[in-house]
Amino acid sequence: KNESGPEVAGLLEKEVVRLSALPPTESELTPRKAALIGEFSRNLETVNGLVSYVSSLAVYGMSLDEINHFIENVQLINSADVEKFASTRLDAKSSDIIIVGNSKVFLPELQKRYCNVEVIPFSQLDLNTRLLRKKREH
């Protein structure tokens, strides 16, 4: 829903702030771990899912043996691991939030809440670049 863009941005920002300050409880981690493990298992049931996972391992230079350890590694994650990650990788002040949709519907409200909103027209969008914009042709 395009109208929800500003609300979703606010929720994301609050969650980044919360994770940076207060690690999740084990009761919050348990269902998330179950979802990750379930998704992983379902993906391995298809040829496309298996190929996708194996190709990701290859891209990141990881051993194919990682497939055998995924579930174990997910189960080992604890609140302290999330806290350490959040404290070194998440910063609400420097994070960018990307909202995709009909900006005409949510742009005015978004601009009220955030000072440096940038709209990238679909024709200029390139998700494979850091700036998300296609390079200009000279």
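Residues numbered from 1 in each chain as written. Predicted model: local features only at pLDDT ≥ 70, side-chain atom pairs only at ≥ 80, totals over all residues. Heavy atoms only, no water.

Considering the overall build of the protein chain
Scanning the protein chain from N- to C-terminus turns up six helices and zero strands. The linear arrangement of helices and strands in the protein chain, starting from the amino end, is α-α-α-α-α-α. Here the protein chain has a C-alpha radius of gyration of 19 Å; the compact-globule value for 138 residues is 14 Å, and the former is much larger. Counting only residues that meet the buried cut, the protein chain has 17% of its 138 residues in that class. (Helix = DSSP H or I, 4+ residues; strand = E, 2+ residues; numbered from the N terminus. Rg over C-alpha atoms; globule rule 2.2 N^0.38 Å. Buried < 20%, exposed > 50% of the residue type's maximum accessible area, 1.4 Å probe, protein only.)

Things to note about the environment of L107
You can see L107 is positioned in helix α6 (residues 103–113). Counting along the chain gives 102 residues from L107 to G5, while the straight-line C-alpha distance between them is 8.4 Å. Contacts of L107, omitting those with residues within four sequence positions, involve V117 and V119. (Contact = heavy atoms within 4.5 Å.)

Focus on the pattern of salt bridges
Tallied over the entire structure, the rule returns five salt bridges. K112 is the salt-bridge partner of E109, the closest N and O atoms lying 3.8 Å from each other. Taken together, the positions of E109 and K112, both in helix α6 and three residues apart, correspond to about one turn of that helix. Residue classification places E109 among the partly exposed positions, given a relative accessible area of 32%. (Salt bridge = Lys/Arg side-chain N within 4 Å of Asp/Glu carboxyl O.)

Notes on unusual backbone geometry
With a phi close to 65°, L132 is a non-glycine residue in the positive phi region. Secondary-structure assignment places L132 in the segment after α6.

Regarding helix α5 (residues 79–89)
For α5, the complete set of buried residues consists of S79, V82 and A86. Buried residues of α5 fall within an arc of 65° about the axis and therefore sit on the same side. Turned more than 90 degrees from where α5 packs its buried face, K84, S87, T88 and R89 sit exposed. Buried residues along α5 sit in contact with α1 (5–21) and α2 (26–44). Where α5 begins, one side-chain oxygen reaches toward the backbone nitrogen of A80, 3.0 Å away; that side chain belongs to N78. (Arc of directions from axis to C-beta. Polar contact = N/O pair within 3.5 Å; in protein donor to acceptor, adjacent residues only side chain to side chain.)

Looking at the packing of α1 against α6
At a minimum axis distance of 8 Å, the contact between α1 and α6 shows a crossing angle of 35°. Note on element contacts: α6 touches α1 through F106, E109, L110 and R113, opposite G5, P6, E7 and A9. Across the contact of α1 with α6, the residue classes break down as four nonpolar, one polar and three charged. (Axes fitted to C-alpha atoms, helices over the stretch in contact; angles between N-to-C directions. Nonpolar A, V, L, I, M, F, W, Y, C, P; charged D, E, K, R; others polar.)

Quick word on the packing of aromatic side chains
For the structure shown, the criterion picks out three aromatic pairs. Note on Y53 and F70: the rings are 6.0 Å apart at their centroids and 85° apart in plane angle, and the pair reads as edge-to-face. Of this pair, Y53 sits in helix α3 (residues 47–59) while F70 sits in helix α4 (residues 66–76), and the two are 17 residues apart along the sequence. An aromatic cluster is defined as three or more aromatic residues linked by ring pairs; in this entry it consists of F40, Y53 and F70. (Phe/Tyr/Trp six-rings, centres within 6.5 Å; stacked < 30°, edge-to-face > 60°.)

Considering the confidence of the model for the protein chain
Scored by pLDDT, the protein chain has a mean of 90; 99% of the residues are at 70 or more. Across the protein chain, the element-wise mean pLDDT spans from 87 in α1 up to 96 in α4. (pLDDT = per-residue confidence, 0-100.)

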